[in-house]
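Residue-level structure breakdown
Chain residues, written in single-letter form:
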Amino acid sequence: MRKAIALLAAAAAVAAFGGVSASAAEPGTAEFVDSGQGKLAWSSCNDATTPALQCAMLDVPVDYADPHGRKIRIKLNRLPATAPKEKQQGPILLNPGGPGDSGLWMPAYISGKVPQDVASTYDWIGFDPRGTNGSDPHVVCDAHYFDGERPDYQVSQGTAKAWLKKAAGYAADCAADWSWLLPHMTTVDNARDMDSIRRALGVPKINFYGGSWGTSLGSTYGQLFPSHVRRMVLDSIVGPTITWYDHNILQDKEHQRRFEAFAAWTAKADSVYHLGTDAAAVEKAYAQVEAALRTDPVDAAPAPGKIGPAEFEDTFYGGGYNFLRWPRMATVLSAYVTQHDTRPLNIAYNRYAAPGADDGTFPAYNAAQCTENAWPRDWEVWKKDQAQVDAVAPFYTYNNMWYNAACMFWPHQGNPAGRTKITGKGLPPVLLFQATEDAATPYEGGLAMHDALPGSKLVVQTGGSFHEILFHDNPCLDDTFTAYLRDGSLPEGKGRIARTCAPEADPAPVYVTPPPATTSKTATAAAGGDAATGGAAPLAPTDPEAVRGVLR
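Residues numbered from 1 in each chain as written. Predicted model: local features only at pLDDT ≥ 70, side-chain atom pairs only at ≥ 80, totals over all residues. Heavy atoms only, no water.

Regarding the overall build of the protein
Across its full length, the protein holds 18 helices and 12 strands. Over its C-alpha trace the protein gives a radius of gyration of 24 Å, about what one expects of a compact globule, namely 24 Å for 552 residues. Taken over 552 residues, the protein has a buried fraction of 56%. When the accessible surface of the protein is totalled, it reaches about 21,000 Å², and 55% of it is carbon and sulfur. Measuring between centres, the 47 positive side-chain charges of the protein sit 6 Å from its 59 negative side-chain charges. (Helix = DSSP H or I, 4+ residues; strand = E, 2+ residues; numbered from the N terminus. Rg over C-alpha atoms; globule rule 2.2 N^0.38 Å. Buried < 20%, exposed > 50% of the residue type's maximum accessible area, 1.4 Å probe, protein only. Areas by Shrake-Rupley, 256 points an atom, 1.4 Å probe, with all protein chains shown as cover. Lys, Arg positive; Asp, Glu negative; His and termini not counted. Charge placed at Lys NZ, Arg CZ, Asp CG, Glu CD.)

Quick look at the structure:
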């Protein structure tokens with residue numbers, strides 16, 4: 001009896017300080033510690049498109065060191081396996097990134113991208129991370145933070161004080177209402193929620209697919225609970241040790257390269273866009289439009305406010321994640337410069353960058369990134385560092401800086417020890433996917449994760465630039481994913497890169513003619529828009545032009 005009590009006490013201590021063994025055992029063993037989660041009661045999601053989809057809410061503790069304290073709820077859905085029981089392979093949890101993006105769209109979509117003989121063997125599980133989307137509570141700090149027109153991103157325009165005030169105010173608004181939850185919205189907390197989901201599902205192991213920040217979530221889960229991982233796929237990878245501040249600097253430089261690639265692509269299509277035959281001319285046109293919007297912003301309706309230089313930059317940076325946006329981006333510049341037609345800009349802004357009903361997943365983004373490692377708290381440090389980066393990467397540096405500036409003022413200091421150390425100890429082989437031209441999760445991250453996970457296999461798309469490279473109908477990539485899900489098969493290549501795949505072809509240069517202001521629903525839908533907004537409907541995550549798992 002003394003030995004059992006001692007083991008229970010030791011396990012509880014490990015749970016409080018982030019160890020592994022607290023949740024590594026099941027009921028009936030001395031090491032088992034109740035995580036405090038509730039039970040799952042599945043019911044129909046009443047989804048007309050996917051009637052088999054089931055939904056549930058799961059109670060989990062705010063603080064896993066106090067498992068029977070205050071609870072919050074995680075929203076989940078699942079598409080159950082339909083294969084015979086003896087062929088089923090258990091649940092696969094899905095996360096698109098963010099931090100904080102909803103995964104509820106993923107079970108129907110991803111299972112539909114996999115051959116039915118494989119898809120039918122898994123229970124496909126989507127979830128909304130704690131504090132976001134349909135989970136309860138849904139954290140909102142300032143519902144109008146992203147409404148236009150916001151201050152100019154460029155510090156040369158004298159807007160630094162306005163942005164510092166705005167960022168500090170946002171951090172204060174978050175602290176005022178959510179100080180009880182913010183310290184418990186880290187990647188580790190979300191990984192522990194995943195294990196609560198596993199427990200509630202009643203299975204000893206899970207499979208996992210994660211993209212973007214989801215690669216940090218998955219690798220963290222694997223570090224905390226290696227014995228509970230059956231198979232794991234990480235797509236577009238965050239390096240396991242880099243600080244979030246330094247990661248942003250890498251992003252700035254990669255986004256510059258992608259913008260230059262866009263400019264070169266547009267220049268080759270001068271007969272379509274009439275912006276010049278060299279990349280410098282296209283970049284000049286971009287600067288011309290941004291400068292014009294400083295004095296004459298464009299009506300953003302149906303989005304609130306105006307499209308000024310900040311909103312204009314937000315409309316364009318997504319081209320670094322998804323080059324299928326390039327034709328519409330080039331059309332925006334061409335229409336404005338050659339005809340002073342602002343409607344393509346209005347449509348593109350509403351499709352790509354307009355704010356939602358509130359501040360979306362921005363609280364979750366900050367709660368994770370601002371607390372997982374230390375950030376400079378002195379504006380003078382930021383100003384000096386970012387000026388050096390801007391000198392070589394002016395397209396994105398200040399946009400990215402102000403997006404992350406709340407970390408300067410965040411109410412909870414970042415962890416000086418940094419993010420969870422990833423060693424891969426005890427994990428089965430993990431399958432990694434990385435594009436060499438990914439701007440959001442630069443290539444170095446994929447290499448670093450492979451080095452950190454012994455036995456992992458890295459698939460590289462040389463010249464690829466999609467952020468999250470699976471499920472774009474590239475057989476080399478998608479078939480590798482399918483083979484791993486089917487029976488655990490991995491690429492046989494040795495060394496750091498086990499397989500290379502070719503990139504998708506550049507999009508065809510076309511002028512995206514706006515639909516008429518008044519038109520039938522059928523005609524507008526055919527033009528890629530929405531009748532209620534004149535073609536400016538925001539994109540679903542399953543749209544080919546969508547940006548998934550935004551990490552910025």
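Here's the deal with the sheet that holds strand 10 (residues 431-435)
Here we have 10 strands laid out as an open sheet, ordered 1-2-3-5-4-6-7-10-11-12, and mixed in their pairing. A strand with exactly one partner marks an edge of an open sheet, and here the two such strands are strand 1 (43-44) and strand 12 (499-501). By the bridge criterion, 3 bridges tie strand 11 (residues 457-461) to strand 12 in an arrangement that is parallel. Bridge pairing links Gln461 to Cys501 in strand 12. Docked against the sheet, helix 5 (residues 187-201) engages strand 2 (54-61), strand 3 (71-79), strand 4 (91-95), strand 5 (123-127) and strand 6 (206-212), running at close to 120° with respect to strand 2. (Pairing = 2+ DSSP bridges. Contact = heavy atoms within 4.5 Å. Axes fitted to C-alpha atoms, helices over the stretch in contact; angles between N-to-C directions.)

What about helix 12 (residues 343-352)?
Within helix 12, 9 of the 10 residues are buried, which leaves it mostly tucked inside the rest of the structure. Every buried residue of helix 12 is accounted for by Pro344, Leu345, Asn346, Ile347, Ala348, Tyr349, Asn350, Arg351 and Tyr352. Where helix 12 is buried, its residues touch helix 9 (279-295), strand 8 (298-299), strand 9 (306-307), helix 10 (309-317) and helix 11 (326-339).

Focus on the nonpolar core
Counting 78 residues, the largest nonpolar core has Leu234 and Trp402 as its most contacted members. In terms of residues, this core owes the most to one element, helix 4 (residues 160-178), which gives 8 residues. Those residues within four positions of Trp402 in sequence are excluded, and the remaining contacts are Tyr153, Val155, Ala160, Trp163, Leu164 and Trp379. Counting 66 residues, the second-largest nonpolar core is a separate cluster that includes Met106, Ala119, Leu293 and Cys501. (Core = buried A, V, L, I, M, F, W, Y, C linked by side-chain atoms within 4.5 Å.)

Quick notes on the pairing of strand 7 (residues 229-237)
Summarising burial for strand 7: 8 of the 9 residues are buried, a large majority. Both strand 6 and strand 7 contribute to a ladder of 7 bridges, which runs parallel. Among the inter-strand pairings, Asn207 is bridged to a residue of strand 7, identified as Arg231. For the crossover from strand 6 across helix 6 (residues 213-224) to strand 7, the handedness is right-handed. Pairing of strand 7 with strand 10, which is carried by 3 bridges, proceeds in the parallel orientation. Pairing of Val233 across the sheet is with Leu431, part of strand 10. (Right-handed = clockwise from strand over helix to strand, strands pointing away.)

Side note on the side chain of Thr371
Within the element layout of this structure, Thr371 appears in helix 13 (residues 362-372). For Thr371, a relative accessible area of 11% corresponds to the buried category. Setting aside residues up to four positions removed in sequence, Thr371 forms contacts with Thr186, Asn366, Trp410, His412, Gln413, Gly414 and Asn415.

Focus on the layout of surface pockets
Looking at the largest pocket, its volume works out to about 1,200 Å³. What lines the largest pocket is a set of 39 residues, among which Asp101, Tyr352, Ala354, Thr361 and Val550 lie closest to the centre. Only helix 10, helix 12 and helix 13 provide two or more residues apiece to the lining of the largest pocket. Counting residues per element, the lining of the largest pocket draws most heavily on helix 12, at 3 residues. Tallied by class, residues from the lining of the largest pocket come to 20 nonpolar, 10 polar and 9 charged. (1 Å grid on protein atoms, 1.4 Å probe; cavity = no way out; pocket = protein on both sides within 12 Å on 5 of 7 lines; lining within 4 Å. Points joined across faces, edges and corners; volume = space filled by probe spheres on them. Nonpolar A, V, L, I, M, F, W, Y, C, P; charged D, E, K, R; others polar.)

A closer look at unusual backbone geometry
Gly98 connects to Pro99 through a cis peptide bond whose omega is 0°. Locating Pro99 in the fold gives a position in the loop between strand 4 and helix 2 (106-112). In the Ramachandran plot, His274 falls in the positive-phi region, its phi being about 60° despite a non-glycine side chain. Inspection of the secondary structure assignment puts His274 in the loop between helix 8 (270-273) and helix 9. Although it is not a glycine, Phe471 adopts a positive phi angle of roughly 70°. Tracing the chain through its elements places Phe471 in the loop between strand 11 and helix 17 (475-487). Residue classification places Phe471 among the buried positions, given a relative accessible area of 5%.

Some thoughts on the confidence of the model for the protein
Detailed reading of predicted coordinates is not advised where the pLDDT is low. Of all residues in the protein, 90% have pLDDT values of 70 or greater, and the mean over the chain is 92. Scored below 50 in pLDDT, residues 1-31 makes 41 contacts in the model with residues more than four places away or belonging to other chains. (pLDDT = per-residue confidence, 0-100.)

Observations regarding the packing of aromatic side chains
Evaluated as defined, the whole model comprises 37 aromatic pairs. Judged by centre distance (5.1 Å) and plane angle (45°), the rings of Tyr221 and Phe225 are tilted. The pair formed by Tyr221 and Phe225 is uniform in burial state, with each residue classed as buried. Through a chain of ring-to-ring contacts, the aromatic side chains of Phe259, Phe262, Trp265, Tyr273, Tyr286, Phe312, Phe316, Phe323, Trp326, Phe395 and Phe466 assemble into a single cluster. Geometry around Tyr145 places Lys166 over its ring, the cationic atom sitting 4.4 Å from the centre. Geometry around Tyr317 places Arg552 over its ring, the cationic atom sitting 4.3 Å from the centre. (Phe/Tyr/Trp six-rings, centres within 6.5 Å; stacked < 30°, edge-to-face > 60°. Lys NZ or Arg CZ within 6 Å of the ring centre and 35° of its normal.)

What about the packing of helix 9 against helix 10?
Between helix 9 and helix 10, whose axes approach to 8 Å, the crossing angle comes to 145°. Contacts between helix 9 and helix 10 involve Tyr286, Val289, Glu290, Leu293 and Arg294 on the former and, on the latter, Pro309, Phe312, Glu313 and Phe316.

Section: helix 17
Along its 13 residues, helix 17 runs 18 Å from first to last C-alpha, staying within 8% of the 18 Å computed at 1.5 Å per residue. For helix 17, every residue scored as buried is listed here: Leu477, Asp478, Thr480, Phe481, Thr482, Tyr484 and Leu485. Sitting at the head of helix 17, Asn474 places a side-chain oxygen 3.2 Å from the backbone nitrogen of Cys476. Remark: Gly488 follows helix 17 within two positions and exhibits a positive phi of approximately 85°. (Expected span 1.5 Å × (residues − 1). Polar contact = N/O pair within 3.5 Å; in protein donor to acceptor, adjacent residues only side chain to side chain.)

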